[in-house]
Structures are given as C-alpha cells and as structure tokens.
Amino acid sequence: MSRRLGGLYVVVLLGLLSLPILVVAGVSLNGGQSLRFPPVDPSLRWYGELFRAADWTGPLRNSVVIAALASLLAVAVALPLALHSWGRGGWLTRVLMVLGVAPFMLPPVITALGFLVFWVSLGMYGQMAATVLSHGIFLVTLPLVTISLGLVSIDRSLVEAARTMGATRGQVLRTVVLPLVAPYVVSGYAFAFVLSLNEYIIAYMVAGFTVETLPIKIFNSLRYGYTPIMGVVSVLFVLVAALVFGTIGAFGNLPRLLGSDRAEGR
Amino acid sequence: MSAREAPTPYWLGLLPALALLVLFLVPFGIMLAVSVAGREAGGFFTWGFDLASYARVFSPFVGRILVTSVAIALGAAILAVALALPFTVILGGMSRRAQTVVLVVLLSALSLSEVIIGFSVNTLLSQTAGVGNLLAWLGLLEAPRAFTPGLFALMTGLVYLSFPYAVLVLYPPVARLDPELAQAARTMGASPLRTFATVTVPLLRAPILGATILVFVFVLGSYLLPQVLGRPQHWTLSVHITDQAIYQSNLPFAAAMAVLLLAVALALVGLSLLVTRERRTGT
C-alpha cells in the first residue's frame, strides 16, 4: 500500500515534469502560425519547415557543428587529465581536476563573461571557433567525471599482469586501459554533446549576434514572433537527450554513473 | 606504488593543464582585470585601475538585486529539495531497472536548455494553451487567462529547472543510506511516514543541507527564466550581468558584479562541502 503510494508520488512528479513538454509537442503540431493547445488543424508541416526555412537551417547547422566539435575537444582534454590523475595523482593533478569540474559548479554567467572578455581581448569575439573552444572547456567536466569513474573500476592487477608479461607502458594503455574505458569516453562525449546543443548563455555572450545557435534562435523568436518551429526544436532536443541517456542507461550502469554504489548487484 | 613505474607517462598531463590554464584561468584573470578597467562609451573598455565599478556594486541598486536574487533562489531551492527528498528516497528503494528509467527522464529534463524550459512553461501557462484553458473548461475561471509573466510563473519555472538537479545531488547520499535502518523501524511498527520523518530525514540532515546550498547556487545561476517568466523587478544578478555586458555595453560593471556573484557562489559551495564533510567524519 505505502509502496504503491510512493510509486504514485514518483509517477505524478514525472508527469508534471513532462507536462510542459507534452504541451509544446502539441503546439508544434499546429497547422497555422499560432501556438494553440490543443493544436488547430494538426499537421507535421513545421517539422519539415525546420529543415527548409532558411532562418532555421543556419542555426541548426551551427548547433550541430559546435556540439560535435566542442564535445570532441572536451574529451581530448578530459581523457589525458583523467588518465594522468588515475596513474599519478599528486596535488597539482588535484588542482587540475578541481579546475576541470569548477565551470559546472559556478553560475554559468560567470564563465560566460570570462570567455566574452577573453575573446574580445584576442579579437576573436563573434567567431564560431570561439564558441567551439568555450563550449569545449566548459563541458570538460562531463567526460572527466565519466572517464574517471571508468578508470576507478579497472582492476589494477590487469595492468600489473600486462606489465609483468612484458608489455610496454604504451601497449598497456592502448590494449588494456583504453578499451576498458572506451564506453565511458563515449558516454562522456554524448553527455557533452547534449549539453552543448542546449547551452545558451556562453554561446550567446561569445558570438550571439553572428553565430546563432538553436537556443539563441528560440530566444530571439520568443521576443520577435512565435512560431510552432520553436516547439519542433524543443521536441527534437528532448528526443535527442532521451535517446542518448536511454542508450547509456540500457548499455551502461546509470545508477552507478550518478553515484549509487549499491546499484551493483541488482 | 613508489618503486614501480606509474602507468601513464608524465607528459600526459601537460595538454590538459595547458588547455585549462589558457582557456579557463586566463579568462578569469582577464575578467578580474576588466572589473577594474575604465568604461569606454560605445566600445568595450580601456585597461586601467579604476574602482568605480566596485563602488557601483556596493550601491543600494545592486543591494536590492542581490536581496531579490537570494530570496527567489532560496525559495525555489527549498521547494525543489522538499519535493526531491521523498522522491529520491522512494527512487533509492526501486529496482535498478526502474531507477535507470527514472534517471533517464531526469537527465533529459536536466539537460534541457533554459530557453526551452522557459518557452515550455510559458506556453503551458499562456492564455491560448494549457492551464488557463483547462481551468476555464472546468468552470473555475470565467475566461481563459495567462498566468505568465509573474512570480508564480517564475517560481514554477525555477522549481521545474532545479528539481532534477536536486534529485541528482541527493541521489548518492540516499543510495548510500543503509536500508536496514528503515526496515528495522518498520518492523518495530513505525508507519512509512513516521519512518521517513524520524529515521531517514535525521540521517540525511547534512546531505539535505548541502544539497539545498548547491541547488541554491544552481538557481542563482539561472539567467533566462527571470526574463521570460518574471517581471523586471524579479530580475536576478545573473540577468543583470548579462544585461550590463550585452545591452548596456558596460563590461567593467558586469565583470564587477560577476566577481560578487563568484564570491557568493564560491563561499556557498565551500560551505556545502564543509557541511557534508563534517558529517562524514562525525559518523
């Protein structure tokens, strides 16, 4: 009985959490330009429009390119840092780890403003490269956390065994360590990708007027004219996120990734 | 470990160290320098040492904004943690498969852009879609009306934004909790609610406090919902920083306010670490 009540509480809150998204999904089906719910003469026309309308394909392309490259950079910084921390430790490495996690703990507007003045000083303000690099550093936290978790779970005796059997350090890294952490690298990349896609404030401050991303485009549309395409983008973003996290959940151990040590054997 | 060779070469840390130094610490340093730079009308700034921006930061204008920000963020953080605590405890008792499903939903909601959350909640509370319509249809309202913008819409949005975060912050300590303690209370005849109030919550006192502070900092960072869902008097420090930097072209003042926000956030994050650490060594 109480168990059922508890389950009910969880389901109700998850329902409330999905309510705005359901309404937006409904709104995206409007046949006309209006944002009505329930939708008036429903059609999928705006879903095609996102990939056709010139003022939305640009932001769409920008967003995907930035997310793909920035996540790559995030992984490129996080992987060696996580490996270094796992293999050597030391106070300097700990400082670096804190630096890697810091952008995520602080109000993002601080990081955004830091990047703004940095790129202004370098004369790169308003360029897409600035957005990519800023996102890449900002998102280092995610692959750093997932890869570190993956490294902790590696049995050290595997490394020892490989070394005793004559493998060089490089061989051990390539043939033992990297294959074992590969899934964590991939999930770190995916986490970073989803978050870069959704990130607004840094993209806006660093190059908001010249490199429009989808969140910036939606925000501008909130001011200068609503269209159901905003609903379409929201639905697609939710689907991408659900797909990524669903895949990680299906193939990996999401409870452990998020800090539950007891979810091991169940 | 000392005699044996480390499994990674020493130069491996150089690339990430360089990247973080150049692209994270240097921007911070420049921001500090800009906060004492002179303002240049129409342009960005001129290097120098001028405390005028800080004088403005310690003015009643910014004081009021800070009080508003703290009040709004504290309200939202307490609401979010209050909703999230029973949720997380129930979640922790579920099967691993069920936990995974719930976590996927939470992560999907958490990763959503503030723009999208603002837009969705705005649509939900607007006149033409959602709640207004429903209440009119039920006869509770004479005609559909909008519930946005306003404090109610803003708090709804902020709680929506921070609830998944609150659950994820509470999740590790709740998962670490010994389930046998609650079971013992139940076998001795305590009702589930009583067990929750007298066993689970007291055991989690430090993590709850720590989580509330972290969620508070998280809400303090919200820069878009106050603009989309609130009225100008609800604008938080984050919104004003953006406003000064982009629309008023006053980078030194924006930077000085960012330094203030940074100081507040760092102090609070430190406090939350202290709170949760004391607890761990205490037991």
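The numbering scheme is per chain: residues are counted from 1 as the chain's sequence reads. Note on labels: chains are lettered from A, ligands numbered from 1, in written order. In view of the model being predicted, local features appear only for residues whose pLDDT reaches at least 70, and side-chain atom pairs are presented and counted only at 80 or more, with totals across whole chains, interfaces and linings using the full set of residues.

K.L.:
For this particular structure, what's the right way to read the overall build of chain A?
P.N.:
Secondary structure elements follow DSSP: runs of H or I no shorter than four residues count as helices, runs of E no shorter than two count as strands, and numbering proceeds from the N terminus. Scanning chain A from N- to C-terminus turns up 13 helices and zero strands. In chain A, the order of α-helices and β-strands from amino to carboxyl end is α-α-α-α-α-α-α-α-α-α-α-α-α. Three classes are used. A residue is buried when 20 or more other C-beta atoms lie within 10 Å of its own, exposed when 12 or fewer do, and partly exposed in between, with C-beta atoms placed from the backbone. The proportion of buried residues among the 266 residues of chain A is 50%. Relative to all contacts within chain A whose residues are 6 or more apart in sequence, the contacts with residues 24 or more apart total 74%. Two residues qualify as a contact pair if the distance between their C-beta atoms, derived from the backbone, is within 7 Å.

K.L.:
How should the environment of L51(B) be read in this particular structure?
P.N.:
Residue and element names in this part refer to chain B. Position of L51 among the secondary structure elements: in the loop between β2 (45–46) and α2 (52–57). Residue L51 is classed as exposed on the basis of its C-beta count, with 11 C-beta atoms lying within 10 Å. In this structure the C-alpha to C-alpha distance between L51 and A146, which are 95 residues apart in sequence, comes to 45 Å.

K.L.:
Quick question: what am I supposed to make of the nonpolar core here?
P.N.:
To define a nonpolar core, we join buried Ala, Val, Leu, Ile, Met, Phe, Trp, Tyr and Cys residues through C-beta atoms within 7 Å and take the resulting set. L113(A), A166(B), V215(B) and A258(B) are the most contacted members of the largest nonpolar core, which totals 171 residues. The element that contributes the greatest number of residues to this core is helix α7 (residues 151–176) of chain B, accounting for 15 residues. V215(B) has contacts with A77(B), A80(B), V81(B), S162(B), Y165(B), A166(B) and V169(B), leaving out every residue within four places of it along the chain.

K.L.:
I keep staring at helix α5 (residues 108–122) of chain A and nothing clicks. Help me out?
P.N.:
Along an α-helix, residues three or four positions apart point the same way, because every turn accommodates 3.6 residues. All names here are of chain A. Multiplying 1.5 Å by the residue count of a helix minus one yields the expected span of that helix. Compared with the 21 Å implied by 1.5 Å per residue over 15 residues, the 21 Å span of α5 between its first and last C-alpha is a close match. The buried count for α5 comes to twelve of 15 residues, which makes it a mostly enclosed element. P108, V109, I110, T111, A112, L113, G114, F115, L116, V117, F118 and W119 are the residues of α5 that are buried. Among the residues trailing α5, G123 stands out with phi positive, at a value near 75 degrees.

K.L.:
Can you walk me through helix α7 (residues 141–152) of chain A in this structure?
P.N.:
Residue and element names in this part refer to chain A. Spanning twelve residues, α7 covers 16 Å between terminal C-alpha atoms, matching the ideal 16 Å at 1.5 Å per step. Within α7, nine of the twelve residues are buried, which leaves it mostly tucked inside the rest of the structure. Tucked inside the fold, the buried residues of α7 contact α3 (54–87), α4 (91–105), α9 (169–198) and α13 (254–257).

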